[in-house]
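Below are the chains, spelled out letter by letter.
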Amino acid sequence: MEKSLAVAKTLMEIYQERFGENIDEMKTHKLMYFLQRESLIQTDTVLFEEPFYGWKFGPVLLSVRNEFSQNIPFQNVEASENTQTRALINHVLDQFGGMTPWRLSIKSHEEFSWKLSREGLEPSDNGHVKIRIEAMRIDAFNEQRKRRKKVKGDEQYGKNTRCCKTVYSFFQ
């Protein structure tokens, strides 16, 4: 399992290489959320253990938030060398890297896990509720179903149901 800050630094480095610009904080948080969800889809395991919080503009990792408040963010953080993590980052950047931070925020607001973390809060509240990994598994399951519908018969999505096995425990 990876450390969230190592994944964030690797994301920032790959983003810079691919797009020729630095990634901002808001976009980093949202792409980290979609990385975690994609890890659940592909492997049925979390990429990193740190929980997200359901803030008003979408999921936030407190360690990443704190790092961005430093004079030189991520200066003392080692990037991940894991090839699977790097491949996952490239896959997520293929899907979402071209979106603006605000579009990613809106997209994250469509997620069940974020909505669940916002129950009882005003729209302007940052929020203090952790996003439950079980709820993220439901988001992963829903995304997997969408992909299956788009790519009917594709082996990659037709047989990959690992994320589904633990989704139903959320309701028990």
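Conventions we followed
- Throughout this document, residue positions are counted from 1 along each chain, in the order its sequence is written.
- Local features in this predicted model are restricted to residues of pLDDT 70 or higher, and side-chain atom pairs are both shown and tallied only at a pLDDT of 80 or more, whereas totals for entire chains, interfaces and linings draw on every residue.
- Derived side-chain values reflect all non-hydrogen atoms in the structure, with water molecules and hydrogen atoms excluded from consideration.
- We count a stretch as a helix when DSSP gives it H or I for four or more residues in a row; a strand needs E for two or more, and each element gets its number in order from the N terminus.
- Note on contacts: a residue pair qualifies if any of its non-hydrogen atoms lie within 4.5 Å across the two residues.
- Accessible surface area values rest on a Shrake-Rupley calculation with a 1.4 Å probe, where residue burial reflects the displayed protein chains alone.
- A 1.4 Å probe that fits into a set of points on a 1 Å grid over the protein atoms alone but cannot get out defines a cavity; an open set with protein on both sides within 12 Å along at least five of seven lines defines a pocket, and lining residues are those with an atom within 4 Å of a point.
- Grid points are joined across faces, edges and corners, and a volume is the space filled by probe spheres set on the points.
- For this scheme, ten residues count as nonpolar: Ala, Val, Leu, Ile, Met, Phe, Trp, Tyr, Cys and Pro. Four count as charged, namely Asp, Glu, Lys and Arg, and the remainder, Gly too, count as polar.
- Burial status follows relative accessibility: with a 1.4 Å probe on protein chains alone, a residue under 20% of its type maximum counts as buried, one over 50% as exposed, and anything between as partly exposed.
- For the purpose of counting charges, residues Lys and Arg are taken to be positive, whereas Asp and Glu are taken to be negative. His and the chain ends are not included.
- One side-chain nitrogen of Lys or Arg within 4 Å of one carboxyl oxygen of Asp or Glu is enough to make a salt bridge.
- Two N or O atoms form a polar contact when they lie within 3.5 Å of each other; inside protein one atom must be a possible hydrogen donor and the other a possible acceptor, and for residues adjacent in sequence the pair counts only when both atoms belong to side chains.

Draft legend 1. A look at the overall build of the chain. Of the regular secondary structure elements, the chain holds eight helices and two strands. Put simply, of all contacts in the chain between residues at least 6 apart along the chain, 71% involve residues at least 24 apart. Carbon and sulfur atoms provide 49% of the accessible area of the chain, an area that totals close to 9400 Å².

Draft legend 2. Focus on the layout of surface pockets. If you add up the space inside the largest pocket, you get close to 240 Å³. If you go around the largest pocket, the residues you meet are Met1, Glu2, Ser39, Gln42, Thr43, Thr45, Val46, Leu47, Asn82, Gln84, Thr85 and Leu88. Contributing elements (two or more residues each) for the lining of the largest pocket: helix 2 (25-43) and helix 4 (83-96). A per-class count over the lining of the largest pocket returns four nonpolar, seven polar and one charged.

Draft legend 3. Seen up close, the side chain of lysine 27. With respect to the secondary-structure elements, lysine 27 resides in helix 2. The side chain of lysine 27 sits in the buried core without any salt bridge; glutamate 21 is the nearest counter-charge, 5.5 Å away. Among residues more than four places away in sequence, those in contact with lysine 27 are Tyr15, Phe96, Gly97, Gly98, Met99, Pro101 and Leu104.

Draft legend 4. Fine view of the side chain of glutamate 38. Counting through the fold element by element, glutamate 38 comes out in helix 2. Engagement of the side chain of glutamate 38 in a polar contact is seen with the side chain of histidine 91, the distance being 3.3 Å. A polar contact of 2.6 Å, which involves the side chain of glutamate 38, links it to the side chain of arginine 147. Apart from the residues within four sequence positions on either side, glutamate 38 is in contact with Leu88, His91, Val92, Gln95 and Arg147.

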